[in-house]
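# Understanding the architecture of this molecule
Residues per chain are reported as follows:
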Amino acid sequence: IATDHTVLLTPSARFFRRLQQTLMPPQTKALPIDGASVTTFDRFGDHRGYFNELYNEEKYDGLSAPGERWKQVSFSSSQKHALRGLHCSPHGKFITCVRGSFYDVIADFRDGSPTFGRWCGVLLTDKNKKQVFVPGGCGHGFFTFEDDTCALYLQEGCFNPAKEADTHPFDPLVNVQWPVPEGVVPVMSAKDEAAPFLSVRRPKLCGYAPRGRVLVIGGTGQVGGALIEAFGARNCVGTYAATPAEGMIHFDLAQAAMQPQLAIDLVQTVYPEVVCICAGFTWVDGCEREPQKANAMNNRGPAVLAAAAAAVGAKVVWYSTDYVFSGGSSLPGSGGSKANGVAAADAGGPYGEEDPPSPLNVYGSSKLAGEAAVLAADPSALVLRTNVVYGPEHVGKNFVYQLARKLGSGEAMNVPVDQIGTPTYNRDLADATKRLVEAGASGLFNVGGPQP
């Protein structure tokens, strides 16, 4: 402090400049509930402790409705294994865990919403630097894992009991899979225990079936789209990697191969019953040029996701390829299935599940390694080998679409003349997948179109 009582702020200014340079801007991603999101923020730490912003209107985009501002700030403290909710307010909420940890749940109770009846969850802790936005009209609740767990709420409106509409946390229509440890009885308030089911408030929902929980990795692709159609769109949560798709959430399989927590976070959010892993690096020439990417997307990534799915009891389905076979190379003594007394591997197929694989390129090798990795991560997984998949798809990049475009524009197209395959219609593959899942099948299956 100077003698003229002027406060010298230079060190502080330097600190805040360094802080602004150090902190990454918050990253917000959509959740499977329409309008809901999870935000990951940065934190500045040194020997004294840490500092982070819980909200900054210049940095946090898309959290609050246009023209809205936070009208109320609330704080709660809960003991271990406390269950709060499901509380439905007309106002949006922005939730942060400031001490301890809890599984935060959003359930869509909004009539007319494309995700009505769906729920999702996010693990919030005082260390994982995540926040959740709950849209107005959605049910909200959480289950705590530690004593003295504290939550901070920013609310778009002030609490008004007359406008609140609580729903029982174990309403079978919503069917939230609360992560309550076996043998533990959640600690609930008398008010929450007495909350009615949603169908009591809305009799028209009597007989309404809860949504299924099928997670489709690569939902924008031709197999993913067919699976969503087969299982029913209301029962599926699809993901995209590069191009955003309406109603789907972002997930990058290659990133998850390097950061397994991304797969764990996704599975904890959706809490699926079935996980179909359709995404992969299927460009054969591209795999030769980028073998690391091929192994990330066709081997390590699927295995990481399979392990995360198995941890919550989900059925895992992963798609492999006929490229795990040589297609006619001589393999003396290979055994396996026989065709007219000739080993399939010697005859160039058809191949059975018992025939020994012998990939000739990076794509086939990465998929073969993926088969072993997925089944090691989850021995009850279902691995389906298929080939030359075609059929209706939004992107329009399969062989049939390419051929039609080339011929339509009068261009020539190079095609192999020494390859025999059994092209597989994507709807048939999706139907076979559904039937095998419903039958409780596991292990390795070859699934293809009719033999020519």
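Residues numbered from 1 in each chain as written. Predicted model: local features only at pLDDT ≥ 70, side-chain atom pairs only at ≥ 80, totals over all residues. Heavy atoms only, no water.

### Here we look at the sheet that holds strand β9 (residues 119–125)
Across the sheet, four strands lie side by side as β6-β11-β8-β9; this open sheet has antiparallel pairing. The open sheet has two free edges, formed respectively by β6 (83–88) and β9, since each of these has just one partner strand. Pairwise comparison of adjacent strand axes, ignoring direction, gives a mean angle of 15° for this sheet. Contacts from helix α6 (residues 260–270) reach β8 (101–108) and β9, with the element oriented near 130° to β9. (Pairing = 2+ DSSP bridges. Helix = DSSP H or I, 4+ residues; strand = E, 2+ residues; numbered from the N terminus. Axes fitted to C-alpha atoms, helices over the stretch in contact; angles between N-to-C directions. Contact = heavy atoms within 4.5 Å.)

### Here's the deal with the side chain of Q131
Assignment of secondary structure puts Q131 in strand β10 (residues 130–134). Taking the relative accessible area as the measure of exposure, Q131 reaches 0% and is therefore buried. A polar side-chain atom of Q131 sits 2.8 Å from the main-chain carbonyl oxygen of L54. Setting aside chain neighbours within four positions, we find Q131 in contact with S37, V38, T39, F41, L54, Y60, F94, I95, T96 and L124. (Buried < 20%, exposed > 50% of the residue type's maximum accessible area, 1.4 Å probe, protein only. Polar contact = N/O pair within 3.5 Å; in protein donor to acceptor, adjacent residues only side chain to side chain.)

### Some remarks on the packing of α6 against helix α8 (residues 291–311)
In the contact formed by α6 and α8, the axes pass within 9 Å of each other and the chain directions differ by 40°. Accordingly, the angle class assigned to the pair α6 and α8 is oblique. Between α6 and α8 lies a crossing of right-handed hand. Across the interface between the two elements, P260, A263, I264, L266 and V267 of α6 pack against V304, L305, A308 and A309 of α8. When grouped by side-chain class, the residues that make up the contact of α6 with α8 number nine nonpolar, no polar and no charged. (Parallel < 35°, antiparallel > 145°, perpendicular 65-115°, else oblique. Left-handed = near helix turned anticlockwise from the far one by under 90°. Nonpolar A, V, L, I, M, F, W, Y, C, P; charged D, E, K, R; others polar.)

### Considerations on the sheet that holds strand β1 (residues 27–30)
Strand order across the open sheet formed by six strands is β1-β2-β10-β7-β12-β5, with antiparallel pairing between neighbours. Taken across any chain shown, the strands that pair with only one partner, and hence form the sheet edges, are β1 and β5 (72–78). For this sheet, the mean inter-axis angle between neighbouring strands, taken without regard to orientation, is 25°. Here strand β7 (residues 93–99) runs beside strand β12 (residues 149–155); their pairing, made up of six bridges, is antiparallel. Along β12, the bridge assignment pairs F94 with L154.

### As for the pattern of salt bridges
Here the structure, examined in full by the defined rule, presents 14 salt bridges. Among the ionic pairs, K204 bridges to D111, the shortest N-O distance being 3.7 Å. Of this pair, K204 sits in the loop between α3 (198–201) and β13 (214–217) while D111 is found in the loop between β8 and β9, placing the two residues 93 residues apart along the sequence. The closest approach of N and O atoms between K191 and D166, which form a salt bridge, is 2.2 Å. Taken together, the positions of K191 in helix α2 (residues 190–193) and D166 in the loop between β12 and α2 put the pair 25 residues apart, joining distant regions of the chain. Overlapping salt bridges bring together D111, R202 and K204 as one network. (Salt bridge = Lys/Arg side-chain N within 4 Å of Asp/Glu carboxyl O.)

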